[in-house]
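What the coordinates show
Here's the letter readout for the chains.
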Amino acid sequence: MNIVTMASRKGGAGKSTLTAHLAAFSQQAGHRCVVIDADPQGSLTLWHSLRADGKPPLRSAARGVDRALATAMVEGYEWAFIDTAASMWVVALEAIRAATFVLIPARPGFFDLNAVRETVATARERNKPYAVVLNAAPVKREDKEAPAVGQSRAFFDSLGIPVWSGQISQRAGYVLTLAAGASVGEVAPESLASSEIARLWSAVQRSVAAIHEARPGTAVTRGQAA
Ligand SMILES: Nc1ncnc2c1ncn2[C@@H]1O[C@H](COP(=O)(O)OP(=O)(O)OP(=O)(O)O)[C@@H](O)[C@H]1O
Ligand SMILES: [Mg+2]
């Protein structure tokens with residue numbers, strides 16, 4: 001099972017938002033997914049409670065992330081997406097330890113970027129592959145990134161921190177769809193928001209495929225095998 005952990009010690013970076021949209025997108029694409037809410041705040045659980053079909057299924061991490069993952073693995077899921085809390089770092093550490101790949105959402109802003117360094121250090125110490133995702137970025141104009149995004153990339157480059165080449169923009173659609181128990185991929189598959197999530201999902205799949213290649217013997221995803 002491929003485990004994608006969304007982590008950031010910065011509150012409001014977009015962990016729950018990206019977990020929900022990414023997991024829903026992956027589910028929609030036909031993958032067997034499970035979402036794990038490892039944040040007692042319960043944002044992901046709230047979203048899930050509003051979903052008509054209850055998919056992807058939700059597992060609570062109230063009795064531990066490892067236990068939730070063990071059950072999901074036995075149940076034969078292909079992907080697990082874990083939302084973690086900014087504050088409950090002990091639980092987030094468990095989710096990072098278990099991860100195949102750690103995604104670190106960050107808003108392009110000075111304080112936000114600095115806060116990422118601590119989360120990155122945690123992933124590095126545990127030898128976990130990770131990447132930063134710029135979230136809630138100003139929308140591109142004429143296909144050009146906003147200066148704040150360019151500045152963020154330069155900051156991460158200078159520290160040797162890998163950053164996804166795309167961006168998730170600040171869009172009302174990300175919020176409104178979740179409030180209705182849905183996702184941008186389901187409500188507006190042709191939208192710019194949906195295409196951003198599609199690109200992020202492709203990047204996650206590529207990264208996980210590369211991780212498995214570098215570590216033979218680990219699970220192969222359906223996306224790779226196709
Ligand atoms: N790309 C985006 N466009 C518009 N609004 C966004 C975007 N990403 C996040 N938000 C909004 O920003 C707020 C924080 O997002 P979210 O709850 O996903 O962050 P979080 O990292 O999970 O926060 P916490 O650390 O409190 O769990 C929410 O109100 C969410 O709707
Ligand atoms: Mg959250």
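Presented here is an overview of the structure given in this document. Within every chain, residues take consecutive numbers counted from 1 along the sequence as written. Both sets of labels track the order of writing: A upward for chains, 1 upward for ligands. Per-residue local features of the predicted model are confined to residues with pLDDT of at least 70, and side-chain atom pairs are confined, for both listing and counting, to 80 or more; whole-chain, interface and lining totals are unaffected and use all residues. Values shown for side chains rest on all heavy atoms present in the structure; no hydrogens or waters enter the calculation.

**Comments concerning the site of ligand 1**
- The environment of ligand 1 is made up of 19 residues, and the closest members are Lys15, Ser16, Thr17, Arg107 and Ser169.
- Nitrogen and oxygen atoms within 3.5 Å of one another constitute a polar contact, given that in protein one can donate a hydrogen and the other can accept it, and given that sequence-neighbouring residues count only through two side-chain atoms. Contact distances for ligand 1 include 2.8 Å between an oxygen atom and a side-chain N or O atom of Lys15.
- Side-chain polar atom of Asp39 to an oxygen atom of ligand 1: 3.5 Å apart, as the coordinates give it.
- Protein chains shield 78% of the accessible area of ligand 1, which is 630 Å² for the free molecule.
- Strands here are runs of E lasting at least two residues and helices are runs of H or I lasting at least four, both read from the DSSP assignment and numbered beginning at the N terminus. Within the residue set of the shell around ligand 1, elements represented by two or more residues are helix 1 (15-28) and helix 7 (172-179).
- Considering each element in turn, the shell around ligand 1 owes the most residues, three residues, to helix 1. A cutoff of 4 Å decides nearness: a residue is near a molecule or strand if any of its heavy atoms lies inside that distance of it. The Shrake-Rupley method, run with a 1.4 Å probe, gives the accessible areas here. Residue values count only the displayed protein chains as cover.

**Observations concerning the packing of helix 1 against helix 7**
- One way to put it is that helix 1 packs onto helix 7 with a least axis distance of 11 Å and a crossing angle of 75°. Between helix 1 and helix 7, the interaxial angle falls into the category roughly perpendicular. Along the contact surface, helix 1 presents Thr17, Ala20 and His21, while helix 7 presents Tyr174, Thr177 and Leu178.
- When the residues that make up the contact of helix 1 with helix 7 are grouped by side-chain class, the tally is three nonpolar, three polar and no charged. Here, axes are lines fitted to C-alpha atoms. For helices the fit covers the stretch in contact, and angles between N-to-C directions go from 0 to 180 degrees. For classification purposes, angles smaller than 35 degrees are called roughly parallel, those larger than 145 roughly antiparallel, those between 65 and 115 roughly perpendicular, and all remaining angles oblique. Any pair of residues with heavy atoms lying within 4.5 Å of one another is described as a contacting pair. The classification used treats Ala, Val, Leu, Ile, Met, Phe, Trp, Tyr, Cys and Pro as nonpolar, Asp, Glu, Lys and Arg as charged, and all other residues, Gly among them, as polar.

**Concerning the pairing of strand 6 (residues 130-134)**
- Here strand 6 lies mainly inside the structure; five of its five residues are buried.
- Taking every second residue as pointing to the same face, both faces of strand 6 are buried, with Tyr130, Val132 and Leu134 on one and Ala131 and Val133 on the other. For every residue, the accessible area obtained with a 1.4 Å probe (protein chains only) is divided by the maximum for its type, and the residue is called buried under 20%, exposed over 50%, and partly exposed between those limits.

**Some remarks on the sheet that holds strand 2 (residues 33-38)**
- The rule for pairing is simple: two strands pair if DSSP sees at least two bridges between them. The six strands lie next to each other as 3-2-4-1-5-6, forming an open sheet whose pairing is parallel. What marks the edges here is a single partner per strand, and that holds for strand 3 (58-60) and strand 6. This sheet shows a mean twist of 25° between the axes of neighbouring strands, independent of strand direction.

**Description of the environment of Ala182**
- Mapping Ala182 onto the fold places it in the loop between helix 7 and helix 8 (184-187).
- Along the primary structure Ala182 and Leu50 are separated by 132 residues, whereas in three dimensions their C-alpha atoms are 8.0 Å apart.
- Setting aside residues up to four positions removed in sequence, Ala182 forms contacts with Trp47, Arg51, Thr177 and Val187.

**Quick word on the pairing of strand 4 (residues 79-84)**
- The buried fraction of strand 4 amounts to six of the six residues, a majority that puts the element mostly inside the structure.
- Here strand 4 shows two buried faces, one formed by Trp79, Phe81 and Asp83 and the other by Ala80, Ile82 and Thr84.
- In this structure, strand 1 (residues 2-6) lies alongside strand 4, joined through five bridges in parallel fashion. The residue of strand 4 that forms the bridge with Ile3 is Ala80.

**Some remarks on the nonpolar core**
- Residues Leu22, Trp79, Phe81, Leu103, Ile168, Ile197 and Val204 are the most contacted members of the largest nonpolar core, which totals 31 residues.
- Ranked by residue count, the leading element in this core is helix 9 (residues 192-214), at eight residues.
- Ignoring anything within four residues of it in the chain, the contact list for Phe81 reads Val4, Thr19, Leu22, Ala23, Ser26, Cys33, Val34, Val35, Ile36 and Trp201.
- Ranked by size, the runner-up nonpolar core spans 22 residues in total, among them Leu113, Val116, Ala123 and Ala146. Definition used in this section: a nonpolar core is a set of buried Ala, Val, Leu, Ile, Met, Phe, Trp, Tyr and Cys residues joined via side-chain atoms within 4.5 Å.

**Quick look at the side chain of Ser183**
- Looking at the element boundaries, Ser183 is found in the loop between helix 7 and helix 8.
- Side-chain polar atoms of Ser183 contact the side chain of Glu186, separated by 2.9 Å.
- Leave out the neighbours within four places in its chain, and Ser183 touches His21, Ala24, Arg51 and Thr177.

**Concerning unusual backbone geometry**
- Of the consecutive residues Lys55 and Pro56, the connecting peptide bond is found in the cis state with omega at -5°.
- By the element assignment, Pro56 lies in the loop between helix 2 (43-49) and strand 3.
- For Asn127, which is not glycine, the phi torsion reads 60° and is therefore positive.
- Here Asn127 shows up in the loop between helix 5 (110-125) and strand 6.
- Located in the positive-phi region is Asp143, a residue other than glycine, with phi close to 65°.
- Among the structural elements, Asp143 can be located in the loop between strand 6 and helix 6 (147-158).
- Its relative accessible area of 67% is what places Asp143 among the exposed residues.

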